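Listed below, chain by chain, are the residues.
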Amino acid sequence: MRKNSDKPDSRRLGRAGIMVAVIILVVMVVVFAGRNLWHAEKLEKEEQTGAKERSGLN
């Protein structure tokens, strides 16, 4: 009986799944950290000028 070479083995599929999960987690951490840095810079600028930036529909 020949092994179907089109299907990857279970170990390789497991590694691929872990890599996808790690990549998604890294993207989430980078976005979260970047948003926090942006917000910190915005607050610092508001404290220096004394004027709040308008956001949204206000």
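K.L.:
If you had to explain the overall build of the protein to someone new, which residues and values would you point to?
P.N.:
Counting secondary structure elements, the protein contains one helix and zero strands. Taken over 58 residues, the protein has a buried fraction of 3%. For the protein, the computed accessible surface area is about 6100 Å², with 61% contributed by carbon and sulfur atoms.

K.L.:
Requested: an account of helix H1 (residues 10-49), with residues and values cited.
P.N.:
With 40 residues, H1 extends 59 Å from end C-alpha to end C-alpha; this agrees with the ideal 58 Å at 1.5 Å per step. Of the residues flanking the end of H1, it is Gly-50, one or two places downstream, whose phi is positive at about 85°.

K.L.:
Explain the side chain of Glu-46 to me, and be specific about the residues and the numbers.
P.N.:
Within the secondary structure, Glu-46 sits in helix H1. The side chain of Glu-46 is buried and forms no salt bridge, while Lys-42, the nearest opposite charge, is found at 4.5 Å. Every residue in contact with Glu-46, bar those within four places of it in the chain, is listed here: Ala-51, Lys-52 and Glu-53.

K.L.:
Let's hear about the environment of Lys-52: which residues, and what values?
P.N.:
You can see Lys-52 is positioned in the segment after H1. For the pair Lys-52 and Lys-42, spaced ten residues apart in the sequence, the C-alpha separation amounts to 9.1 Å.

Basis of the calculations
- Residues numbered from 1 in each chain as written.
- Predicted model: local features only at pLDDT ≥ 70, side-chain atom pairs only at ≥ 80, totals over all residues.
- Heavy atoms only, no water.
- Helix = DSSP H or I, 4+ residues; strand = E, 2+ residues; numbered from the N terminus.
- Buried < 20%, exposed > 50% of the residue type's maximum accessible area, 1.4 Å probe, protein only.
- Areas by Shrake-Rupley, 256 points an atom, 1.4 Å probe, with all protein chains shown as cover.
- Expected span 1.5 Å × (residues − 1).
- Lys, Arg positive; Asp, Glu negative; His and termini not counted.
- Salt bridge = Lys/Arg side-chain N within 4 Å of Asp/Glu carboxyl O.
- Contact = heavy atoms within 4.5 Å.

Interpretation in functional terms is not warranted from these geometric data alone.
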